[in-house]
Amino acid sequence: MYIYNELDQQLIEQRAEQFRDQVRRYLAGQIAEDEFRVLRLQNGLYIQRHAPMLRVAINYGLLSSQQLRALAEVSRKYDKSYAHFTTRQNVQFNWPALEQVPDILADLAKVQMHAIQTSGSCIRSVGSDHFAGVFADEIEDPRPWSEIIRQWAALHPEFAYLPRKFKIACTGSRSDRAATQVHDIGVHVVNNDAGEQGFEILVGGGLGRTPMIGKVIRDFLPRQELLAYLEAILRVYNLWGRRDNKYKARIKILVQSLGVEDFRNRVEAEWERIKGGELTLTDAYVDRIKADFQPPAYDANAAADTSYAEKLASERDFAVWIERNTVPHKVAGYRAVTLTLKDYLKAPGDLSDVQMDEVADLADRYNFGEVRTTHEQNMVFAHIKQADLYPLWQALGELGLARPVVGTINDMICCPGLDFCSLANAETLSVARQVQERFDDMDYLYDLGDLSLKMSGCINACAHHHVGHIGILGVDKNGESYYQFTLGGSAAEDASIGKVLGKSIPLAEVGDTLQKILDTYVEIRDEGERFLDTVRRVGNQPFKERVYAANH
Amino acid sequence: MPLIIDRQPAADTWVRVDSEEGLKQSGDLLVDFALWLEHADQLKARDGRLGVVIDGDSELDPLLSDLDRLALVAVAFPSFADGRGFSLARMLRQHHGFTGEIRAVGDVTWDRLRYMARCGINAYDVPAERYSDDMLSAFDEITVCYQGAEDDPRPIYRQS
C-alpha cells in the first residue's frame, strides 16, 4: 500500500493542528455556527442525533493491520468501542466529543490516517475496486491512480467550496465493483485501439433525490493527462454548477441542464488551455506511486497443498462458505475472502474494537497485513493461501464474520438510519433485523441467487438504494416510518436506476412485502435467471400486482 | 475595513464606487462591474488607477481586452460557501496573465486566506469584526502543497 513520505506525513499533521485551532476559535466564539459547520464537515465531523459523528477516510478502501488497530484504539479511547464501516469504504465513529476530535485526528495521523474531505462540498475520498489485483482480467491495478487522484484532491485550493459534494471512483477492470457509474466522476482504466493505456471518463452519475447514471464524456484520455482533465471538469463545475438550490447543485444536474455535448465542450476547452502543462503527470511520479502497490510475496507452492481439498470434501459448512464468501485469485493456490460485516441481528457494517483487533491479527497472520473495506459494507482479505482458508474460516466464524451470505438479501447494505443520523426520516436497523429474522434459511437464500438489497433511511441514499436489485427507501409519514420499494437497480457495469414499485408500506409489513416480491420472482423466473434479469424482462407489474393485491 | 496585502496589514488607497455619482471622484477608483461595462471608455480616459469588482455572475469577456488597464481586480465572495472566486482568480492569472492586484472582498475570513493566496489572490479586505493580527498565521498553517497553483505552479511531483 502507499507509503507516506515526510511531506505526506507533514500535511496530515498540519491539517490536524489546523483543525485543533479551528475548534479552539469556534469554542471561543470567533467562528459563527454556520461557518464552523462548513469547516468541520471538511474534516468529516457531523453533528448528529446524539453526538458528533466523525468520518475517517479509508482511501480506496485500503487499510494496514496497524491502521485497523488504531481505529480499534480510537473506538475504545474516545467512543463506545465500535465503529461503523460505510458504503464509501470509510469508517465512522458515532460518539466522539467535539473537544476530543483534534486529539483523535492527531492519533490517527500517527498511522497515516485522516478525515480530510470526508464530508462537505468538496472532493471526497476516492473509491476503488476492493478486488484490485485479484482477477486476471484486470487491465491495471486502479489503486495507484486512486492515490494520485487523492493527492491532487487533498486540500486543493480551488475546489474546497464547490456547489456540493463531489465523489470520484476509479476502476481498472471492465467489471465495476466500485459503483463508478453513480459517482460524480468515474475513471476507468482502458486500452485504446493502438494498445495504449489511458482512461475512459464518466461524469454526472449520482443518487440522492435525482438518481442518474454517469455519461461518458471522453472515451480515451492519455494517462499523463488525468489530473489536467479532472481539473478542467472541476473548474467547469465550480464556475457553473448551481448554488441556489442544494438539491440541484450536484454536477449531474449541470450535465443534464447543459446537455452532455455542451458540458463536454466546456471541459475540453478548459483542458485545451491547461493540457501539456505542469499538471501533466511525470513517469517518475507514477512509477514511484506504483512501486508501493506491487503484489505481495506469494508462495509459489501454495497450490500444492492438499488439506484444502480434504476440508472441502469433508466439511459442508466450510464448502458453503468457500462457495459464497470467497472468489478465485489469479495466483494459483490463493483465494480472496469477503468478511461479512452482517452478523445476525447486528447493525450492518459495525465492528467492535475486539473484532477490529482480531481482524488485524488475522490480516497479519494470513493476508500480508492488509485489510480492505468494500462499498457493500464488508471487508476483504485479498490474498489467502488455500491451506489457510480453513483456519481463517474457523477464526472468522468465532468473530461472527463468516456468515455465508455474500450476494444474498442477508448481505443487506444499510445506512444507520433514524437511530443515529440526524438526516434520516425512518428506521433502518430494525428493518434489517426484521429481514434477517425472516430470511434465515440459507438454502432458500442461495436458491434466490445473487440479489442485492440496499436500504437508506432518507433520500440522501447513503445505502445506494436506487441501485439495489431491490431498494428500500425509508420515508416519514406523520411521524411513522414507511418504506418505498424500488426494483431493478444495479451498481455494477450494467448500472441502472431501480423503478418505484408503488406506495410506501409500514414498518411491520416490510418482511411480508419482501416475501411477496421474492415469491413472485421464484414463480416467474426462467431457468437460472437472476432476479435483476427477471425484473428487466417483465418489469415491475407482476410484483406490483402481488404486493398491492386487494387483501391489503 | 482592515486590509491585508502580500501578507501584511496595509492601508486602503482605493475609493469604492457603486453609483454613477461616484465616478466623478479623483484618485484610484474601484468600480462595480456593471458601472465599468457602461462607462469603460470614460473611465479609461481619466487619470488615476482603475479597479473593477467582479463576482461569479460577471460575464468577463468584455473586461478581458482591458485587463492591462486595470491595476486591481476585486473578486467578490458573497458568502463563505461560494467558491467561484477561487476559480475566477486562478483564471485571471493562469489564462489571462493578469499581474496586478487581485483582492478578495466580501466574506473574507481566516480559514480561506491560504486557499485564496494559492489561487492568486494577494489582497484581502477583511470585515472589521473578523479581523485580528493572528489571522496572518493562516498562510503558513499548512506548508505542503500537492497541487500546483498560482503561488507555485509545480505539483508535488515537480517540486524537487
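Residues numbered from 1 in each chain as written. Chains lettered and ligands numbered in written order. Predicted model: local features only at pLDDT ≥ 70, side-chain atom pairs only at ≥ 80, totals over all residues. Heavy atoms only, no water.

Student: What is the right way to look at the packing of helix α16 (residues 510–524) of chain A against helix α17 (residues 531–538) of chain A in this model?
Tutor: A pair of packed helices is characterised by two quantities: the angle between their axes and the separation of those axes. Residues and elements named next belong to chain A. Between α16 and α17, whose axes approach to 10 Å, the crossing angle comes to 80 degrees. As judged from the angle between their axes, α16 and α17 are roughly perpendicular. Where α16 abuts α17, its residues I517, Y521 and I524 lie against F531, T534, R537 and V538. Taken together, the residues of the contact of α16 with α17 break down into 5 nonpolar, 1 polar and 1 charged. (Axes fitted to C-alpha atoms, helices over the stretch in contact; angles between N-to-C directions. Helix = DSSP H or I, 4+ residues; strand = E, 2+ residues; numbered from the N terminus. Parallel < 35°, antiparallel > 145°, perpendicular 65-115°, else oblique. Contact = heavy atoms within 4.5 Å. Nonpolar A, V, L, I, M, F, W, Y, C, P; charged D, E, K, R; others polar.)

Student: Could you clarify how one ought to interpret the sheet that holds strand β7 (residues 101–106) of chain B in this entry?
Tutor: Whether parallel or antiparallel, the strands of a sheet pair through hydrogen bonds between backbone atoms. Residues and elements named next belong to chain B. The strand order across the open sheet formed by 8 strands is β2-β1-β8-β7-β6-β5-β4-β3, and the pairing between neighbours is mixed. Looking at the sheet topology across the chains shown, the edges are occupied by β2 (8–10) and β3 (14–17). For this sheet, the mean angle separating the axes of adjacent strands, direction not counted, is 25 degrees. As judged from the 4 bridges shared by strand β5 (residues 50–54) and strand β6 (residues 72–77), these two strands associate in the parallel manner. Pairing of I54 across the sheet is with V75, part of β6. In the packing of helix α1 (residues 33–45) onto the sheet, the strands contacted are β3, β4 (28–32) and β5, and the crossing angle to β4 comes to about 140 degrees. Helix α3 (residues 84–94) contacts β5, β6 and β7 of the sheet and is inclined by roughly 160 degrees relative to β6. (Pairing = 2+ DSSP bridges.)

Student: What am I meant to see in helix α11 (residues 316–325) of chain A here?
Tutor: The periodicity of an α-helix, 3.6 residues per turn, causes residues three or four places apart in sequence to face the same way. Looking at α11(A), one finds that the buried residues are A:F318, A:V320, A:W321, A:I322, A:R324 and A:N325. On its buried face, α11(A) sits against α10 (307–314), β11 (326–328), β12 (334–339), α13 (386–399) and α15 (442–448) of chain A. (Buried < 20%, exposed > 50% of the residue type's maximum accessible area, 1.4 Å probe, protein only.)

Student: Just to check I follow, could you spell out the packing of aromatic side chains for this structure?
Tutor: Each aromatic ring pair is described using two quantities: the centre-to-centre distance and the angle formed by the ring planes. All names here are of chain A. According to the stated counting rule, one finds 24 aromatic pairs over all chains in the structure shown. On the numbers, 5.4 Å between centres and 45 degrees between planes, the contact of F166 with Y237 is tilted. With F166 in the loop between α5 (143–153) and β7 (168–171) and Y237 in helix α6 (residues 226–240), this residue pair connects regions lying 71 residues apart in the sequence. Overall, the relative accessible area of 0% leaves F166 in the buried class. Geometrically, the ring pair formed by Y308 and F318 is edge-to-face, given 6.2 Å between the ring centres and 90 degrees between the ring planes. (Phe/Tyr/Trp six-rings, centres within 6.5 Å; stacked < 30°, edge-to-face > 60°.)

Student: Just checking my understanding: could you explain helix α2 (residues 33–41) of chain A for this structure?
Tutor: Those residues of α2(A) that fall on the buried side of the exposure criterion are A:E35, A:F36, A:V38, A:L39, A:R40 and A:L41. Along its buried surface, α2(A) packs onto α1 (6–27) and β1 (45–47) of chain A.

Student: I keep staring at the domain arrangement of chain A and nothing clicks. Help me out?
Tutor: Size of an interface: often given as the accessible area lost when the parts come together. Residue and element names in this part refer to chain A. Assigned domains of chain A: these are domain 1 (6–109), domain 2 (134–289), domain 3 (302–405) and domain 4 (410–547). Domain 1 puts 9 residues into the contact, and the matching count from domain 4 is 12 residues. Carbon and sulfur atoms make up 51% of the area that domain 1 and domain 4 hide from each other, which totals about 850 Å². Between the two partners, domain 1 and domain 4, sit 0 salt bridges. For the pair domain 1 and domain 4, the interface holds 1 residue pair in polar contact (both at pLDDT 80 or more). Looking at side-chain class alone, the side of domain 1 that touches domain 4 contains 3 nonpolar, 5 polar and 1 charged residues. (Domains from an automatic or database assignment. Buried area = accessible area lost by both parts, 1.4 Å probe. Salt bridge = Lys/Arg side-chain N within 4 Å of Asp/Glu carboxyl O. Polar contact = N/O pair within 3.5 Å; in protein donor to acceptor, adjacent residues only side chain to side chain.)

Student: Mind showing me how you'd approach the side chain of A:R15 here?
Tutor: Structurally, the position occupied by A:R15 is in helix α1. Salt bridges are absent for the buried A:R15, whose nearest opposite-charge side chain, B:E141, sits at 7.0 Å. Setting aside anything within four residues of it in sequence, one finds A:R15 in contact with A:Q22, A:L39, A:Q42, A:N43, A:I116, A:L155 and B:I142. (Lys, Arg positive; Asp, Glu negative; His and termini not counted.)

Student: Where do I start with the interface of chain A and chain B in this structure?
Tutor: Listed as interface residues are 45 residues of chain A and, on the opposing side, 34 residues of chain B. Summed over both partners, the interface of chain A with chain B comes to about 3700 Å²; 55% of that surface belongs to carbon and sulfur atoms. Counting every contact that joins chain A to chain B gives 6 salt bridges. In this assembly, chain A and chain B are joined by 27 residue pairs in polar contact (both at pLDDT 80 or more). Mapped by element, the contributors of at least two residues to the side of chain A that touches chain B are α1, α2, α5, α6 and α8 (260–274) of chain A. Of all the elements, α1(A) adds the most residues to the side of chain A that touches chain B, at 10 residues.

Student: How should I be thinking about the layout of surface pockets in this particular structure?
Tutor: Over the atoms rolls a probe the size of a water molecule, and its path tells where empty space is left. All names here are of chain A. If you add up the space inside the second largest pocket, you get close to 860 Å³. Together, 35 residues line the second largest pocket, and R177, E376, V406, G407 and D450 are the ones closest to its centre. Of all elements in the fold, only α11, β11 and β17 (453–456) reach the threshold of two or more residues within the lining of the second largest pocket. No other element matches α11, which puts 3 residues into the lining of the second largest pocket. Of the residues that constitute the lining of the second largest pocket, the class distribution is 11 nonpolar, 13 polar and 11 charged. (1 Å grid on protein atoms, 1.4 Å probe; cavity = no way out; pocket = protein on both sides within 12 Å on 5 of 7 lines; lining within 4 Å. Points joined across faces, edges and corners; volume = space filled by probe spheres on them.)

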